[in-house]
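Secondary and tertiary structure notes
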Amino acid sequence: MGAEKAKKAAAPKGEPIKAKIGVISIITGQGAAYGEAITNGIKLARDEVNAKGEVLIDLKVEDSSGKQEQALAAVQKLINSEKVVAIIGPTLSNEMFAAGPEANASGVPIMGTSTTAKGIPQIGKFVFRNSMPESQAIPASVGQAVKKYNIKKVALLYGNDDAFTKSGFDTMKEVAEKLKLNIVTIQEFQKGQADYKAQLTKIASLAPDAVFCSALYNEGGVILAQARKMGLKVPFVGGNGFNSPKVIEIAKEAAEGLIVATPWFGEKNDPKVKAFVAKFEKAYGKKPDQFAAQAYDAYYIMTNALKAAGAADRTKLRDALAATKNFQGVVGSFSFDAERDVVMTPSVLIVKGGKFAIFN
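So, here is what we can say about the structure in this document.

This paragraph deals with the packing of aromatic side chains. Enumeration according to the criterion identifies 12 aromatic pairs in this entry. Ring centres of Phe334 and Phe336 lie 4.9 Å apart, and the angle between their planes is 85 degrees; this geometry places the pair in the edge-to-face category. Exposure class is identical for Phe334 and Phe336. Each is buried. An aromatic cluster is built from Trp264, Phe276, Phe280, Tyr284, Tyr296 and Tyr300, whose rings are joined through pairwise contacts.

Right, dumping it as structure tokens:
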């Protein structure tokens, strides 16, 4: 699009900006609850934005099944065949480490809405995220838990075969060391594991004051259930993967007392949050979680940047995205820092009476 046309597109009564945006999400397989929440959040935002008529987006959704090679194939298809102006996703940090370099090399802005591992925006200048990294969330949850429960000795438990859970563990270990906590043991597990008795027996035998656990919701829910069944009653502080209602669904009453830090709290007394929750529930028959909320905001951040760019131009869009400051979304006030990473304040939550509540 030439400069003349771009000016016209940006004019208030001009033509709407039309663009194709790709979405890479886990639609099938393990982690599909994250993907479902994300795509639902994006579709709700798309319908609202399209209805206003300034920006008309044709969404192209690709399923990655949570696999690196599928995420890579999806990013190539969206860039080369669909000719998208930008991409939202993929869901997991592992996948972004495969898809991000490809988008970056092709000069296509790509924004993760749930990728919290260390080093993601550092992939390159076309790579963004609006999901709070573990390095910001975990110090808040651990700090408050340590204060409240006078924690001195901790056990660490994490999934060692996933970039996201490994990164969460690294942050937990770093924070525990900074706070001079005594780490009595570090236990590992694999994705899809069903039995955690060996790890939990070892942890219980050392009588820690708390367990810091970095896991995705499938494993996280099972770990909580098995820990409580074995009589391990100490507080659990979970990484970002625990921020899904699915954990409560899987662990049931065993989830009580779980502590997490998240930028999103659906019960917040804020008109913007209330309106979003009501619209989402009406559309999908359930309340939005953190992943739906972050994806919804990501879509608005992307389309606001498109308006600012004035054209469906990849490079102009990248520059407009990088300039995003003080965006007021449903998750809160959001800015990108100089490395295209998140500037936000987390809330610390605890599971109480079967739902997340503010942890005091």
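The structure having been displayed, the exposition proceeds.
For helix 8 (residues 217-229), built from 13 residues, the straight-helix expectation of 18 Å at 1.5 Å per residue is met to within 8% by its first-to-last C-alpha distance of 18 Å. Among the residues of helix 8, those classed as buried are Tyr217, Glu219, Gly220, Gly221, Ile223, Leu224, Gln226, Ala227 and Arg228. Gly231 occupies a position one or two residues after helix 8 and carries a positive phi of about 90 degrees.

Relative to the elements of secondary structure, Thr113 occurs in the loop between strand 4 (110-112) and strand 5 (127-129). The exposure class of Thr113 is buried, given its relative accessible area of 1%.

Now for the pattern of salt bridges. The tally for this structure, following the rule as stated, stands at 16 salt bridges. Between Glu54 and Lys307 there is a salt bridge whose closest N-O contact spans 3.4 Å. With Glu54 in the loop between helix 2 (32-52) and strand 2 (55-63) and Lys307 in helix 11 (residues 290-309), this residue pair connects regions lying 253 residues apart in the sequence. Note that Glu249 and Lys246 form a salt bridge whose closest N and O atoms lie 3.1 Å from each other. Here Glu249 pairs with Lys246, and both are found in helix 9 (residues 245-251), just three residues apart, close to one helical turn.

We now examine the packing of helix 2 against helix 10 (residues 271-284). Interhelical geometry of helix 2 versus helix 10 gives an angle of 105 degrees and a closest axis separation of 11 Å. The orientation of helix 2 relative to helix 10 falls into the category roughly perpendicular. Contacts between helix 2 and helix 10 involve Ala37, Asn40, Gly41, Lys43, Leu44 and Glu48 from the former and Phe276, Lys279, Phe280, Ala283 and Tyr284 from the latter. Residue composition of the contact of helix 2 with helix 10, by class: six nonpolar, two polar and three charged.

Parameters and conventions
Residues numbered from 1 in each chain as written. Predicted model: local features only at pLDDT ≥ 70, side-chain atom pairs only at ≥ 80, totals over all residues. Heavy atoms only, no water. Phe/Tyr/Trp six-rings, centres within 6.5 Å; stacked < 30°, edge-to-face > 60°. Buried < 20%, exposed > 50% of the residue type's maximum accessible area, 1.4 Å probe, protein only. Helix = DSSP H or I, 4+ residues; strand = E, 2+ residues; numbered from the N terminus. Expected span 1.5 Å × (residues − 1). Salt bridge = Lys/Arg side-chain N within 4 Å of Asp/Glu carboxyl O. Axes fitted to C-alpha atoms, helices over the stretch in contact; angles between N-to-C directions. Parallel < 35°, antiparallel > 145°, perpendicular 65-115°, else oblique. Contact = heavy atoms within 4.5 Å. Nonpolar A, V, L, I, M, F, W, Y, C, P; charged D, E, K, R; others polar.

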